[in-house]
Amino acid sequence: MKFKVFAALSVLALSTLAGCGDSNNGSSEQYKLSFITPTGAPTVAFYQAAVDGLLTTNDKPANVGAQLQNDQYDGVVFDFYNGLKSIKNNNGDYKLVRIITGGNFYLVGINKTEAPTKDDYIVSFGENLLPDLVYKSIYGQEIASATHYVNGVADCGGILESGLHNGNAVDYVLVAQPVLFAKLSSSPIKDQLTVVHSLRDKWEEKTGQTAIPQAGLFLNKTKYEAHTSEFDGFLDEFEDAINTCIEDPQTMKTAIESLGDQQA
């Protein structure tokens, strides 16, 4: 499944860029760019920043989205669609500079290998955020009505270890990389897990689009004005770093392994 590598590696470039450049004010001390992301694929993208103490992660997407309304972080990674709505509605001081993933959602069956039905017990995450909107568009209202929601992808990862949600046996879980990568290799019930659908593949079948516009990188405009060289250095090197990561899949594996529990 080549896509699994591409979806996460397309954002992994950011890890080499956090904190690059010299300070604008002539000081010899570098200004370190700080980021907040949801857990999951964006965490892998910023694994070097995590090592350097420049990354904050949160397993509740709503908590990350709320940061678009304050000036604590230089960059926020969030569902691009709802991020733009939040900025518009609340006059947030951030701008969208890049869509950084193309869709890394998967429907995983627990002792199931066929498409879900309305009678199945299904768990998903982030109700009414972009992954959920795509999920509902693909599977329709009957399946949506059978779906139970948790706060974030980390909670879905926990279900892939226990097979249970609120004491109920689960048939299907919607999950994202790299949580899926980890659980397929480490879960106590890994032999019961089957990747039934890639939502990116299902989205392409439905719309003809080869990717799902997913997480966006939002940069703080005020901080950009104060530290332009650092931000420009970050953005200038972005494309080259992406190409390097795509051409070296081992980078993704190393990143996931180095993060351990932080990526879940």
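Being a predicted model, the structure only gives us computed values, none of them experimental.

J.: Any chance you could explain helix H9 (residues 199-207) here in plain terms?
T.: Residues separated by three or four positions in an α-helix point in the same direction, a consequence of the helix having 3.6 residues per turn. What H9 keeps buried is the set Leu199, Arg200 and Trp203. Looking straight down H9, one finds that the buried residues subtend no more than 100 degrees of arc, so they occupy a single side. A positive backbone phi angle near 85 degrees is found at Gly208, which sits one or two residues after H9.

J.: Quick question: what am I supposed to make of the nonpolar core here?
T.: Note that soluble globular proteins tend to have their nonpolar side chains buried in a common cluster. Judged by nonpolar contacts, the single largest core of 36 residues is most densely connected at Ile110, Phe125, Val175 and Leu199. The dominant element in this core, judged by the number of residues it contributes, is helix H6 (residues 130-145), at 6 residues. Apart from residues lying up to four places away in sequence, Phe125 is in contact with Phe105, Pro131, Asp132, Tyr149, Val150, Gly152, Val153, Cys156, Leu174, Val175 and Ala176. Formed by 12 residues, the second largest nonpolar core is a distinct cluster that contains Tyr31, Phe35, Val77 and Phe231.

J.: Quick question: what am I supposed to make of the pattern of salt bridges here?
T.: A complete count under the given rule lists 6 salt bridges for this structure. A salt bridge links Lys60 to Asp59; its shortest N-O distance comes to 3.6 Å. Residue classification places Lys60 among the partly exposed positions, given a relative accessible area of 34%. When its relative accessible area of 30% is taken as the criterion, Asp59 is described as partly exposed. Salt-bridge contacts for Asp132 lead to Lys136; the nearest nitrogen and oxygen are separated by 3.0 Å. With a gap of 4 residues between them, Asp132 and Lys136 both fall in helix H6, about one helical turn apart.

J.: Just checking my understanding: could you explain H6 for this structure?
T.: Taking 1.5 Å of rise per residue, 16 residues should cover 22 Å, yet H6 covers just 17 Å from first to last C-alpha, more than 12% shy of that figure. Along H6, the sharpest kink reaches roughly 115 degrees, centred on Tyr139.

J.: Looking at this structure, I do not really get the sheet that holds strand E11 (residues 193-198). What am I missing?
T.: Hydrogen bonding along the main chain pairs the strands of a sheet, whether they run parallel or antiparallel. A sheet is described by the order of its strands in space; here 5 strands give the open sequence E7-E6-E10-E5-E11, paired in mixed fashion. Every interior strand has two partners, whereas the edge strands, strand E7 (147-150) and E11, have only one. Taken pair by pair, the neighbouring strands of this sheet meet at an average axis angle of 30 degrees, ignoring direction. The pairing of strand E5 (residues 105-110) with E11 spans 5 bridges and is antiparallel. Paired with Leu107 across the two strands is His197, which belongs to E11. Packed onto the sheet, helix H7 (residues 153-162) meets E5, strand E6 (122-125), E7, strand E10 (172-176) and E11 and runs at close to 135 degrees relative to E10. Along the sheet, H9 makes contact with E5, E10 and E11, crossing E11 at roughly 25 degrees.

Criteria and cut-off values
Residues numbered from 1 in each chain as written. Predicted model: local features only at pLDDT ≥ 70, side-chain atom pairs only at ≥ 80, totals over all residues. Heavy atoms only, no water. Buried < 20%, exposed > 50% of the residue type's maximum accessible area, 1.4 Å probe, protein only. Helix = DSSP H or I, 4+ residues; strand = E, 2+ residues; numbered from the N terminus. Arc of directions from axis to C-beta. Core = buried A, V, L, I, M, F, W, Y, C linked by side-chain atoms within 4.5 Å. Contact = heavy atoms within 4.5 Å. Salt bridge = Lys/Arg side-chain N within 4 Å of Asp/Glu carboxyl O. Expected span 1.5 Å × (residues − 1). Bend = angle between axes of the 7 residues up to and from the residue. Pairing = 2+ DSSP bridges. Axes fitted to C-alpha atoms, helices over the stretch in contact; angles between N-to-C directions.

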